[in-house]
Amino acid sequence: MWARKCGAPPQWPSRVKVMLQSVATAALGLAVFDYMSNADAGYLDLSAPVSTTVLCLEKDAWPMRHSSSSWFEGATWMDWYEYRENMVQYVDEHRCMGNTSQSGVLCAKADVPLNELEGSLGVPLMATGEWPVGRNDAVELYGYLFLLFTFIMWLVVLVHDLALLSARYHNGVYDFAAIRRRFPCSRLLYTVWGFRFFKRLLIGRGILCCRRRCFQRVGRFWGILLAPVFLAWFVVAYNILIMPVAAIFFIIYPVRLSRVMLFLTCLAMAIYGVILSVHACIWMSSAERRQTYAIIWASPTREGGECICGCVYALKGSICTNLLLIGVGVAYKAFSLCFRCLKGLRTSNWAHLISVLFPIPLGVYEVYWTQPDGGPIRYRVDGQPVQAELAFDSFALMDEQPESAGTTVNLAPCSILQEFEPATWSVDDVVRYLEALHLGRYGAAIRTHKVDGPTLLQLMRLDGLSELGVTSEAHEAKIRERLGTWGANSASSGHRNSNREMSSPKMTALQAVPEKHQDREFVGCCGFPCIYGENSRAGTKDSDDEAEEEPCVVAVEDPAEQHDTLEAANST
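Residues numbered from 1 in each chain as written. Predicted model: local features only at pLDDT ≥ 70, side-chain atom pairs only at ≥ 80, totals over all residues. Heavy atoms only, no water.

1. A word on the overall build of the chain
A tally of helices and strands in the chain yields 17 helices and eight strands. Across the 572 residues of the chain, 41% fall into the buried class. Taking contacts inside the chain between residues at least 6 apart in sequence as the whole, the part at least 24 apart equals 73%. Total accessible area computed for the chain in this model is approximately 30800 Å², and 60% of it derives from carbon and sulfur atoms. (Helix = DSSP H or I, 4+ residues; strand = E, 2+ residues; numbered from the N terminus. Buried < 20%, exposed > 50% of the residue type's maximum accessible area, 1.4 Å probe, protein only. Contact = heavy atoms within 4.5 Å. Areas by Shrake-Rupley, 256 points an atom, 1.4 Å probe, with all protein chains shown as cover.)

2. Description of the pattern of salt bridges
Per the counting criterion, the structure on display carries four salt bridges. For the salt bridge of Asp92 with Arg95, the shortest nitrogen-to-oxygen distance reads 3.6 Å. The partly exposed category is assigned to Asp92, whose relative accessible area is 46%. (Salt bridge = Lys/Arg side-chain N within 4 Å of Asp/Glu carboxyl O.)

3. Thoughts on unusual backbone geometry
One non-glycine residue, His438, adopts positive backbone phi at about 60°. Along the polypeptide, His438 turns up in the loop between helix H13 (427–436) and helix H14 (443–449). Not every positive phi belongs to a glycine, and Lys450 is a case in point at roughly 55°. Within the secondary structure layout, Lys450 lies in the loop between H14 and helix H15 (453–461).

4. Considerations on the packing of aromatic side chains
Within the structure shown, the criterion is met by 16 aromatic pairs. When the ring of Phe33 is compared with that of Tyr144, the centres are 5.1 Å apart and the planes differ by 65°; the resulting orientation is edge-to-face. Taken together, the residues Phe33 in helix H2 (residues 12–37) and Tyr144 in helix H5 (residues 138–164) connect sequence positions 111 residues apart. You can call Phe33 buried: its relative accessible area is 15%. Among the residues examined, Tyr144 registers a relative accessible area of 34% and is labelled partly exposed. The interplanar angle of 70° and the centroid separation of 5.8 Å between the aromatic rings of Phe198 and Phe234 together place this pair among those described as edge-to-face. (Phe/Tyr/Trp six-rings, centres within 6.5 Å; stacked < 30°, edge-to-face > 60°.)

5. Some words on the nonpolar core
If you look at soluble globular proteins, the nonpolar side chains tend to sit buried side by side. Counting residues in each nonpolar core, the largest one holds 75 residues, and the members touching the most others are Met36, Phe146 and Leu315. No other element matches helix H11 (residues 258–285), which puts 14 residues into this core. Filtering out sequence-adjacent residues up to four positions away, Met36 remains in contact with Val139, Glu140, Tyr142, Gly143, Phe146, Leu276, Leu323 and Ile326. (Core = buried A, V, L, I, M, F, W, Y, C linked by side-chain atoms within 4.5 Å.)

6. Focus: a nonpolar patch on the surface
A surface patch of nonpolar side chains, amounting to about 560 Å² of accessible area, comprises Val218, Phe221, Trp222, Leu225, Leu226 and Val229. By the element assignment, Trp222 lies in helix H9 (residues 219–225). (Patch = residues over 30% accessible without salt bridge, like charges linked within 9 Å, V, L, I, M, F, W, Y side chains within 5 Å.)

7. Quick notes on the packing of H5 against H11
Contact geometry for H5 and H11: axes closest at 9 Å, N-to-C directions at 155°. The orientation of H5 relative to H11 falls into the category roughly antiparallel. Between H5 and H11 the crossing geometry is left-handed. Looking at the contact of H5 with H11, its residues break down into 21 nonpolar, six polar and one charged. (Axes fitted to C-alpha atoms, helices over the stretch in contact; angles between N-to-C directions. Parallel < 35°, antiparallel > 145°, perpendicular 65-115°, else oblique. Left-handed = near helix turned anticlockwise from the far one by under 90°. Nonpolar A, V, L, I, M, F, W, Y, C, P; charged D, E, K, R; others polar.)

8. Structural notes on the state of the cysteines
Taken as a whole and judged by the stated rule, the model has three disulfides. In this model Cys56 forms its disulfide with Cys309; the gap between the sulfur atoms is 2.1 Å. One disulfide, between Cys56 and Cys309, carries an S-S torsion of 100° and so falls in the right-handed class. In this pair, Cys56 sits in strand E2 (residues 55–58) while Cys309 sits in strand E6 (residues 306–315), placing the two residues 253 residues apart along the sequence. (Disulfide = S-S within 2.5 Å.)

9. Let's talk about the pairing of strand E5 (residues 292–300)
Within E5, seven of the nine residues are buried, leaving the element largely enclosed by the surrounding structure. In terms of strand pairing, E5 meets E6 through nine bridges, oriented antiparallel. When the sheet's bridge partners are listed, Ser299 is paired in E6 with Cys307. (Pairing = 2+ DSSP bridges.)

10. What to know about the pairing of E6
Summarising burial for E6: nine of the 10 residues are buried, a large majority. Note: strand E1 (residues 44–49) against E6, two bridges, orientation antiparallel. Note on E6: the bridge partner recorded for Pro49 is Tyr313. Note: E2 against E6, four bridges, orientation antiparallel. For Cys56, the partnering residue across the bridge sits in E6 and is Cys309.

11. Focus on the packing of helix H8 (residues 195–202) against helix H10 (residues 227–252)
Where H8 contacts H10, the axes come no closer than 11 Å and their chain directions differ by 160°. Taken together, the axis directions place H8 and H10 in an arrangement best described as roughly antiparallel. The chirality of how H8 crosses H10 is left-handed. Contacts from Phe195, Phe197, Phe198 and Leu201 in H8 reach Ala227, Phe230 and Phe234 in H10. Here the contact of H8 with H10 is built from residues that sort into seven nonpolar, no polar and no charged.

12. Thoughts on the confidence of the model for the chain
When pLDDT is averaged across the chain, the result is 75; 75% of the residues are at 70 or more. Considering each helix and strand of the chain separately, the mean pLDDT is smallest for strand E8 (residues 535–538), with a value of 34, and largest for H11, with 92. Within the model, pLDDT remains below 50 along residues 490–572, and this stretch shows 167 contacts once partners closer than five positions in the same chain are excluded. (pLDDT = per-residue confidence, 0-100.)

13. As for the side chain of Thr301
With respect to the helices and strands, the residue Thr301 is situated in the loop between E5 and E6. A polar contact of 2.8 Å, which involves the side chain of Thr301, links it to the backbone nitrogen of Gly305. Not counting the four nearest positions on each side in its chain, Thr301 is found in contact with Cys96, Gly98, Asn99, Thr100, Glu306 and Cys307. (Polar contact = N/O pair within 3.5 Å; in protein donor to acceptor, adjacent residues only side chain to side chain.)

Now the structure itself:
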């Protein structure tokens, strides 16, 4: 509130905090990349050289690691291809012809100037033409992958949190239900990924083939036997299919797909963190499999020229331990963000800002509370909220009150609309609710026993639905599961409690002007919605500062009329 007192517009302090927090998260990823890609002599085990003797090449002939400044030069790529394909030929063509004191000397007794140890490391070239066992560039590859995912995560978190702080766009971030409805081909991607197929095998449900379920008895055996194959396919398909498709559509729909894109990015980063941890354990257990580098230095010749000499060394054990800790930390942090995203992906009503450290749903704001006598609390005036900025602590000032030692907080969920609260239903409302579930056969018993909303809740708690004639376990489960998702007045028309609306009774900080939404979906290429014409809005203002205190009003077209509109669009 201090920023608001200084004249800052509403929600701008939260926007600034979100930007700073996202930059701080990106800085951590950049630090990990810098540690993994900028190796020096301190990373290597100098007591156990991999190469036996010193190898000397012509000046500027020894390829360096991380020389990104020369990536756009054709000669660099030609040299890379030559020493990768035929190291013996590359070494013979570029061997130093001058007479130098370092040529043929054992690497364990080589004289290396101290100032040369500060330079960059070279590619591990061997005089015998054989690559060391740890010849791959795994450490650098992990570093560049983490840098890429960190950049994507920073961008997606920034878009997601700024959208939630906007009165115009905070209802436009999609959850799983909205994605399945708006992007039908997402189900096809999920099917191609194969996780549903693998899950059905493990739980014994078999495979649906020609409208018949097969392999129900032996499916679990085959699922366990083929688990490594499925796991490898999951990783490959996730990287070459799901992530590229999601990235393309995120560019087209940045706000709508920001939450699911963040979930997919964090999941991919967690997978690579686990793989790095396993790889580091292998390096720690076997020194022969560790990543290798070459320490190179300039050595003058007796003819007055200069050669580049080098020896190959492997990473030392302490660096492998640090890489293990980095992999575990990256996997833990990425999985934590995945789980935080799931709260908003299951239902948008429980979404929260990702960049802030406290996962508090936005429905808590604005926060109002008073002293026991009904007066304003300390440091607040009458009618002033305790906290209205969504990126700041909602329990601010609670520990600074005189009665703070004897108070606590009690939070409880409540329905967005009163009609979705069963405790307020009448007998007719209960009957309409059952008719919406196609269980109207129990309506007569409901009217005979005069079962209203509170009575229905009491019978459900006492397992007394059998008194109303509900003997089927499936019917009883259906009544329990749908309770709270169907409104009494709208149940007969099939309208359900929306999982996409962020408007809750307390959330006045982001309530926009009255707005009328009409779903006018126009299916585009491959079943995905077109960029234009998905929702037609009326009454939307351009600025968040013009938002009023009235909640959003959502209106949905008649299903039959919407169906006619879709058929007309498809025929066109």
